[in-house]
Amino acid sequence: MVVEVTNELAVIDGITVVADCGRGLDVVASPALLPLFPDTVGSLTLALTPTATFPAGAHRLQVEVRSSVEPSASTTIDLDLDVAPVPKGALTVVPPSREARHRTSYSVVLDNPGNTTLEVALAASDGDRALRSVVEPPTVVVDPGTSATATLRVTGRRKLYGTQSVRAVTVVGTAAGLALDTRADFRTRPLVPAGARTVLVLACIVAVWAGIFVVALTKAYSGDPITKDVPPSFYAASPAARTSSGRSALGALGTFRFETAASDGSGPAGAVPKSGVAIGIGGTVTGTVDAASTSAGVGRITVEAIRTTPQGPALVSSAATGADGNYSLPGLLPGDYYLLFTADGYRDVWYPSAPSQAAATPVTVDSQAQTSGINATIEGLPATIVGSVVTGSTAAVPVTVTVQPGQGATTPIATARFARSCPGPRGWARVWSP
């Protein structure tokens, strides 16, 4: 802008220009001091430079022309200034990247470095459309030289396992004559992280191998303890039985003596027969089986030694009681056994007096030891005696049949009345014994 000045004073004057433009507008006069002779005309050039955020539109400026000789001769001029609109803007997402399982939020900052007010419409989306993106509020008004903030909310699907994935969300701002955009990264992490999955896989592998070792060791130790059998050739004759049948030999390391068997093949005195003898570590169980009715020993009762194995109960040994009720089970390996006493006409009983193996008490057998006093009482089952009574009479004659226990007892066990069942001299009766 050019300002022409006339010096109406009778002396030489120096002219300066001062502009009251307010903030945001810089005014520079050239030259800064204009010298003028009386009645001469000169001009000054004013350079007006608004800042980037100086509001656009019409503005009125006051320019004061001052005299350096006569201050009262100063004058003021009004100038109209029209600033053209220059829209500018910048979008920024804070923070630019976030990590979450399926939901997060960002701050969208809109800066207005221009000289006009911006009304910006905001929207967000991802290229795969795998996320739900919402900007609140959707429209933001920003004055020149200021900033405003909106909230971006991003939601995705939950991820149970897998690797971390990164999805880009584009935020777009649209205003009159202006288009802005920026980007935010959403890192979704699975519910089960990769490290936890690795630990879980390793734990499963360790558990499988541990199970294999447990099963293998269980199978390996599930058998019965091994009994040592000593072959007959391991037994040497006693020194007293050695005879002159031996002979010596001289070798490089000394003198060796060999024992030879007798000519009849029987071997030296005290030697084991060639048929073989197994020397084991087994024990023996002995006891007595009594009758519940008489408390006397009962013969011909089968005594079974049953051992629990991984495959189930197994019969190991059995024996029968003698006439006095005594029994013996030799050659049992060390361990626990369940004893079953059974015979026809008697109730089965497990030691000591249980009806089943589950309620029985095991008997512990030690190596090369006798476990005695394993006694039991067995009870007979009800029996029936059937017979005929010949009376020699053609008419039915009442007959009473009485059953009495042996061993001198006099108390009858049961009685029955004879009854005629058909014509003739015979009749039939049944007697039940407890």
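As shown above, the structure is provided for reference.
Scope of this entry: the structure provided in the associated data block. (Residues numbered from 1 in each chain as written. Predicted model: local features only at pLDDT ≥ 70, side-chain atom pairs only at ≥ 80, totals over all residues. Heavy atoms only, no water.)

A word on the overall build of the protein chain
Counting its regular elements, the protein chain contains one helix and 31 strands. When each of the 434 residues of the protein chain is scored for burial, the buried share is 28%. Long-range pairs, those at least 24 residues apart, make up 61% of the contacts in the protein chain with a sequence separation of at least 6. (Helix = DSSP H or I, 4+ residues; strand = E, 2+ residues; numbered from the N terminus. Buried < 20%, exposed > 50% of the residue type's maximum accessible area, 1.4 Å probe, protein only. Contact = heavy atoms within 4.5 Å.)

What to know about the sheet that holds strand 1 (residues 2-6)
Think of a sheet as strands paired side by side through backbone hydrogen bonds, with each pair either parallel or antiparallel. Taken together, three strands build an open sheet; the order of strands is 1-5-3 and the sheet is antiparallel. Single-partner strands in this sheet number two, and they are strand 1 and strand 3 (25-30). For this sheet, the mean angle separating the axes of adjacent strands, direction not counted, is 25°. (Pairing = 2+ DSSP bridges. Axes fitted to C-alpha atoms, helices over the stretch in contact; angles between N-to-C directions.)

Points about the side chain of Asp126
The topology assignment puts Asp126 in strand 11 (residues 118-126). The buried charged residue Asp126 lacks any salt bridge, with Arg167 as its nearest oppositely charged partner at 5.1 Å. A polar side-chain atom of Asp126 sits 3.4 Å from the main-chain amide nitrogen of Leu131. (Lys, Arg positive; Asp, Glu negative; His and termini not counted. Salt bridge = Lys/Arg side-chain N within 4 Å of Asp/Glu carboxyl O. Polar contact = N/O pair within 3.5 Å; in protein donor to acceptor, adjacent residues only side chain to side chain.)

Examining the packing of aromatic side chains
How two aromatic rings sit relative to each other is set out by the distance from centre to centre and by the angle between their planes. In total, this model carries two aromatic pairs according to the counting rule given. Relative to Phe341, the ring of Tyr327 has its centre 5.9 Å away and its plane inclined at 70°; by these criteria the two rings are edge-to-face. Of this pair, Tyr327 sits in strand 22 (residues 326-332) while Phe341 sits in strand 23 (residues 335-342), and the two are 14 residues apart along the sequence. Neither residue differs from the other here; Tyr327 and Phe341 are each classed as buried. (Phe/Tyr/Trp six-rings, centres within 6.5 Å; stacked < 30°, edge-to-face > 60°.)

Quick word on the sheet that holds strand 4 (residues 34-36)
Here four strands make up an open sheet; going across it, the order is 4-2-6-7 and the pairing antiparallel. In this open sheet, the two strands that pair with only one neighbour each are strand 4 and strand 7 (75-83). Along the sheet, successive strands turn relative to each other by an average axial angle of 30°, direction set aside. Two elements, strand 2 (residues 13-20) and strand 6 (residues 57-67), share six bridges in a ladder whose sense is antiparallel. From the neighbouring strand, Val18 faces strand 6, where its bridge partner is Glu64.

As for the pairing of strand 15 (residues 165-175)
Pairing of strand 11 with strand 15 involves six bridges; the strand directions are antiparallel. Within strand 15, the position partnered with Ala123 by the bridge is Val172. Here strand 15 runs beside strand 16 (residues 178-188); their pairing, made up of eleven bridges, is antiparallel. Considered in strand 16, the bridge of Gly173 is made with Leu180.

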